[in-house]
Amino acid sequence: MSGAPGHILIAGGGVAGWTFALAVARALRPLGVQISVADPGGADESLGAHALALSTLPGVRDHHHALGLDDLDAMRAARGSFKLGEIYTGWTPGDAAILPFGETGADIGPVRFHQQLMRLGAHAGDLDLAAFSLAGEAARLGRFAPPSPDPASFLSTLDYGLHLETEGYGQYLRTAALKAGAQPIDGRVASAERGGDGRLTAAVMEDGRKLPADLFVDATGERAALISGVLGAPWESWAAPGLDRIAAVITEDNAPPLALTRNEAMSAGWRRDAPLYGAAAAQLIFSSRDMDDAAAIRQLGGTASVSAFNPGRRAAPWSANCLAIGAAACLPDPLSCAEQHLAASAALRFLKLVPHSDGGVVEAREYNRVFEAETGSARDFAALCYLTQTRQDKTWKTARRADPSPELARHMALYKARGRIPRSEDGIYDEAMWAAAFIAMRVQPRDHDPLANGLAEAALRQRCEQIRHLAASTARRLPEHAAMLAQVHGARL
Amino acid sequence: MTPPPIRDVVIVGGGTAGWMAAAALSRLIANGVTRITLVESEEIGIVGVGEATIPPIRQFNEVLGIDEREFLKATQGSYKLGIEFVDWTRPGHRYIHPFGPFGADMNAVKFHQYWLKLHRLGKATDFAEYNLCATAAYQNRFGAIAAQYRSPLTQLHWAYHFDASLYARFLRRYSEARGVTRQEGKIIQVHQRSEDGFIASVELESGQRIEGELFIDCSGFRGLLIEQTLKAGYEDWTHWLPCDRAVAVPCAHGEGEFTPYTRSTAREAGWQWRIPLQHRIGNGYVYSSQFISDDEAASTLMANLDGEALADPRPLRFVTGRRKKAWVKNCIALGLASGFLEPLESTSIHLIQSGIARLLALFPDSGFSNVEIDEYNRLTDQQIAAIRDFIILHYHANERAGSPLWDSCRHMDIPETLARKLALFRNRGRLFRYEDELFAESSWYAVLLGQNVMPQGHDPLADAAPVEDAAAALEEVRAMVRGAAASMPLHADFINQHCRASTAA
């Protein structure tokens, strides 16, 4: 009986490559597995050229815990700030809506909170869900505190993700992975050699060196040197019609950071701002027909770089003995906040499916199945915004023309009928987050859940008012976000 | 414009399914608009023969605000910690599928992976010894655990055995007290709306018509509304689940212990259940008519009882499978009307319960949008297919060579979803729970390992810990579980003290 693969070679470093290296080094080094990372250095290409900063979901903290990392150390290494949710402006002309993390209000039996509000006559068109959420109110007031571990405390309802600079975060992961026993190799993987059975036998470096291994991990970003370059696994494109370019930049910025990622729709595209500590990361996704690269660079300022925007995913990211991660496997739309999530979940899922040195077929099939469900939810979460925005500019009318995936079509039909959200176990987002996204996009269901009619109206109204009051009054008493960041980073801006 | 809410819900059939639905939906009455009527006839018997359940039943009762001990007193009920499978793997073999987990994951590696590794090295004992419910079950114990053994490793999970007709009666009292109207009468005709075929009313022998907007078909196998009226269609699964008949009989308690678990014993042409209640034991032989005659089946059953038979053996016929659509137009089928998986893993009542929960989550208005109907049917299909796979596993993974029914099950084509699960498990003992799947990973481990589906190897991550450390950790679990089980009272004593039914029913 064979054991784990003797040598795992990770082609490419960056956040995806080093997260993977760290996870496997921690678990497999004690078994004597050799883990090498061929890291060309320079800019992080593993999550795509335009991912200069990461805006994560709250799950990042569980990932850090599972990888033996410390959230605050990561923030210090990556000019990190806290993220309490997302804000969307202009997706409905003239509108702004916050999608808060954590709990919003409270369900009553099977009746979801947004259904309670709609029963009281709330309309998605102007519903301010954030007013019923501690995270939402705190974000609005520029305040922050970590959630309380006591589930009885209202403070436990807050949840947060992180804004992290990709480069610094990659360095932090690299240090941790090296400490866990991963071996760095200088240079860039260009290609690979294949054996008669189709499996890869050795990675070929740009300088001609050959590195044999048992399992090859493709973290070469959009270049996809192995999974596409050698194995030819096809790409499934998700781009919204017309939105074909992306510009990105990080600029120094000493304003106190907002604890939200901002998504602002404009006539020829939309802009995403992820505030960092002492810096600001911005992306502009636009249509080349309605805006040229020079105009995009002028908008973002500084030294913005522009590239083609082609979100999508690989059909079978684990093929033979090659596993693609990061942008080589899936390039999610920034709206889905999924880059970090997918990088970490790929590594953690692989650990549940470490193959024999000579096997991997059944494991790959299971891995790919969950990958499809996860990335499918990321695709749908972003597509929801493109499909339901109501802007009248040409770019946006075009963007609405895409067909939703069958799953998203089902999701939308259920929501539009009665505000219901289907459950999905392998997806990235929970029910509450989907509901908040629909409401942020101002999608009004035809009616609410009839079960909500069984709740006595006066008592329900009072309860909702209490929650709103509790959120506002608790948020006011939290420390300032800027002060909390100064404490983390040891310096006030 | 939103269509108005549903005013009249009519439940057809008053067995376990009908009264569970009535009890759960009775909360709708609070909106001041909805009325609920249940039509049943005393002339039509119900199929309840002594039912075994799984732990989610506790949530159902809890949501209704039912006190556990009152409920057990009213239904001659007992506690259930799992199911023992005798002779399934091969004659002379037995294993238990207990509720709750085996040990606990260590270093992010599943507990059973360490067990697989150490068992091969002769350093681990029987898998059941690492599960509290299994250990307590084999000692016939149930109740509180002594303080020094309480830990995350010793969380007790339980369900019940009870008399289903008494449970229906209990829920009837509950429902009527909350405003549900019971209408006695036999339905002789179903009337449909001419414009769209929706059910408009059911007509009783007396000539009375009960009108409604939403109909819940709990009429049993025949599916009076869903099939006979709306022609939903039935998907036959006999090629996977070959049994098509059962014969049931209650008997007196014999000399044996009052077991806190169900027993299922494999027989030549099927299997026999044994469900201990307070006042008697429910028994039945589920078989394939292709391999044994009705008379032979009945005499096999009668020869294998704990005590004196308390009635004549009662025959039942069924076709395993599912209704192609559980919700058609304004009619939702629950219970046997929606399909039949055999009672091997005690899922019948659970399927009713989850159908009700789905209905509440997707409750329609008088406009009956297809969006909700489609979603209900999609979720129902997904759930029943997952349970079907789990039950097929019991038949398929057998070593009972030379016995025609069992030989054919061992060699049959199994659903692709199950084949994928088995391949992954056979390889390295891995298992992933699919979306919305009822049975937890620990249930699959119990049955897979119980029926001797041994993986070729274990998860390489289990090799990261030194063998001695892993062995010590396993031994710690076993000692904790053994201590906790031994500190519990006997099941019989616990029942006598807390939930003894006052009169023999």
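Residues numbered from 1 in each chain as written. Chains lettered and ligands numbered in written order. Predicted model: local features only at pLDDT ≥ 70, side-chain atom pairs only at ≥ 80, totals over all residues. Heavy atoms only, no water.

**Overview of the environment of Pro100(A)**
All names here are of chain A. In this fold, Pro 100 is placed in strand β6 (residues 96-100). Separated by 368 residues in the primary sequence, Pro 100 and Arg 468 have C-alpha atoms spaced 14 Å apart. Pro 100 has contacts with Leu 84, Gly 85, Ala 130, Ser 133 and Gly 136, leaving out every residue within four places of it along the chain. (Helix = DSSP H or I, 4+ residues; strand = E, 2+ residues; numbered from the N terminus. Contact = heavy atoms within 4.5 Å.)

**Looking at the interface of chain A and chain B**
Listed as interface residues are 38 residues of chain A and, on the opposing side, 34 residues of chain B. Counting each side, the surface lost to burial between chain A and chain B is near 3100 Å², with a carbon and sulfur contribution of 56%. Counting across the interface, chain A meets chain B through five salt bridges. A salt bridge links Arg418(A) to Asp365(B), with the shortest nitrogen-to-oxygen separation between them at 2.0 Å. Taken together, the connections running from chain A to chain B amount to nine residue pairs in polar contact (both at pLDDT 80 or more). Of all the secondary structure elements, the ones that give two or more residues to the side of chain A that touches chain B are α1 (14-28), α9 (361-388) and α11 (406-418) of chain A. Here the side of chain A that touches chain B is composed, by residue class, of 18 nonpolar, six polar and 14 charged. (Buried area = accessible area lost by both parts, 1.4 Å probe. Salt bridge = Lys/Arg side-chain N within 4 Å of Asp/Glu carboxyl O. Polar contact = N/O pair within 3.5 Å; in protein donor to acceptor, adjacent residues only side chain to side chain. Nonpolar A, V, L, I, M, F, W, Y, C, P; charged D, E, K, R; others polar.)

**Side note on the packing of aromatic side chains**
All names here are of chain B. Overall, the coordinates contain 45 aromatic pairs over all chains when judged by the stated rule. A ring pair is formed by Phe 318 and Phe 340, whose centres lie 4.5 Å apart and whose planes are at 50°; its orientation type is tilted. A residue pair is termed long-range when its members are at least 10 positions apart, and Phe 318 in the loop between β18 (314-317) and β19 (321-323) and Phe 340 in strand β22 (residues 339-340) qualify at 22 residues. Pair check on accessibility: Phe 318 and Phe 340 agree, each one buried. Through a chain of ring-to-ring contacts, three or more aromatic side chains come together here, namely Phe 71, Tyr 79, Phe 142, Trp 158, Tyr 160, Phe 162, Tyr 167, Phe 170 and Phe 494. Seen from the ring of Tyr 376, Arg 358 lies directly overhead, with NZ or CZ sitting 5.2 Å from the centre. A cation sits over an aromatic face here: Lys 421 above Trp 444, 4.5 Å from the ring centre. (Phe/Tyr/Trp six-rings, centres within 6.5 Å; stacked < 30°, edge-to-face > 60°. Buried < 20%, exposed > 50% of the residue type's maximum accessible area, 1.4 Å probe, protein only. Lys NZ or Arg CZ within 6 Å of the ring centre and 35° of its normal.)

**Some thoughts on the sheet that holds strand β4 (residues 81-83) of chain A**
All names here are of chain A. Taken in spatial order, the three strands line up as β3-β7-β4 in an open sheet, and their pairing is antiparallel. Lying at the two open borders of the sheet, with one neighbouring strand each, are β3 (53-55) and β4. Here the strands of the sheet are splayed against their neighbours by 25° on average, with no regard to which way each runs. (Pairing = 2+ DSSP bridges. Axes fitted to C-alpha atoms, helices over the stretch in contact; angles between N-to-C directions.)

**Focus: the nonpolar core**
Formed by 297 residues in total, the largest nonpolar core has its most connected members in Trp91(A), Tyr169(A), Phe350(A) and Tyr395(B). A total of twelve residues in this core trace back to one element, the largest contributor, which is α9(A). Each of domain 1 (7-240 + 310-476) and domain 2 (245-308) of chain A contributes no fewer than three residues to this core. Dropping the residues within four chain positions of it, Tyr169(A) is found in contact with Val15(A), Leu54(A), Val60(A), His64(A), Ala74(A), Ala77(A), Ala78(A), Leu164(A) and Gln340(A). Counting 19 residues, the second largest nonpolar core, distinct from the first, contains Val39(B), Ile199(B), Leu204(B) and Val328(B). (Core = buried A, V, L, I, M, F, W, Y, C linked by side-chain atoms within 4.5 Å. Domains from an automatic or database assignment.)

**Some details on the domain arrangement of chain A**
Residues and elements named next belong to chain A. Per the domain assignment, the segments making up chain A are domain 1 (7-240 + 310-476) and domain 2 (245-308). A straight line from the C-alpha centre of domain 1 to that of domain 2 covers 20 Å. Taken together, the contact between domain 1 and domain 2 spans 37 residues of the former and 33 residues of the latter. When domain 1 packs against domain 2, the two sides together hide about 2700 Å² of surface, and 56% of this comes from carbon and sulfur.

**Comments concerning the sheet that holds strand β20 (residues 318-319) of chain A**
By definition, the strands of a sheet pair up through backbone hydrogen bonds, in either a parallel or an antiparallel sense. Residues and elements named next belong to chain A. Spatially, six strands are ordered β8-β2-β1-β12-β21-β20 in an open sheet, and the strand pairing comes out mixed. The outermost strands of the open sheet, each flanked by one partner alone, are β8 (183-186) and β20. Where strand β1 (residues 7-11) and strand β12 (residues 215-218) come together, four bridges link them in parallel fashion. From the neighbouring strand, Leu 9 faces β12, where its bridge partner is Phe 216. Against the sheet, α1 touches β1, β2 (34-39), β8, β12 and β21 (322-324), its axis set at about 165° to β2.

**Examining unusual backbone geometry**
Phi angles above zero are rare outside glycine, and Cys337(A) is one such case at about 55°. Mapped onto the fold, Cys337(A) is located in the loop between β22 (330-331) and α8 (339-351). On the basis of relative accessible area, Cys337(A) is assigned to the buried category, the value being 2%. A positive phi is found at Lys231(B), a non-glycine position, where the angle reads about 50°. For Lys231(B), the position within the fold is in the loop between β12 (214-217) and β13 (234-236).

**Observations regarding the packing of helix α1 (residues 16-25) of chain B against helix α8 (residues 348-361) of chain B**
Residues and elements named next belong to chain B. Between α1 and α8, the least distance of the axes is 10 Å, while the angle of their chain directions is 35°. Classified by chirality, the crossing of α8 by α1 is right-handed. Residues Thr 16, Ala 17, Met 20, Ala 21, Ala 24 and Leu 25 of α1 pack against Ile 349, Ile 352, Gln 353, Ile 356, Leu 359 and Leu 360 of α8. Here the residues of the contact of α1 with α8 sort into ten nonpolar, two polar and no charged. (Left-handed = near helix turned anticlockwise from the far one by under 90°.)

**A closer look at helix α14 (residues 491-498) of chain B**
Residues three or four positions apart in an α-helix share a direction because the helix packs 3.6 residues into each turn. All names here are of chain B. Within the sequence span of α14, burial applies to His 491, Phe 494 and Ile 495. All buried residues of α14 fall inside an arc of 95° around its axis, so they share one side. Where the residues of α14 are buried, they touch α3 (68-75) and β4 (78-80). (Arc of directions from axis to C-beta.)

**Quick notes on the packing of α9(A) against α11(A)**
All names here are of chain A. Axis separation between α9 and α11 bottoms out at 10 Å; the angle between their running directions is 60°. As the angle between them shows, α9 and α11 are arranged oblique. Note that α9 runs across α11; the crossing there is right-handed. Contact with α9, carried on its side by Arg 379, Asp 380, Ala 383, Leu 384, Leu 387 and Thr 388, involves Glu 407, Leu 408 and Met 412 of α11 and no other residues of that element. Here the residues of the contact of α9 with α11 sort into five nonpolar, one polar and three charged. (Parallel < 35°, antiparallel > 145°, perpendicular 65-115°, else oblique.)

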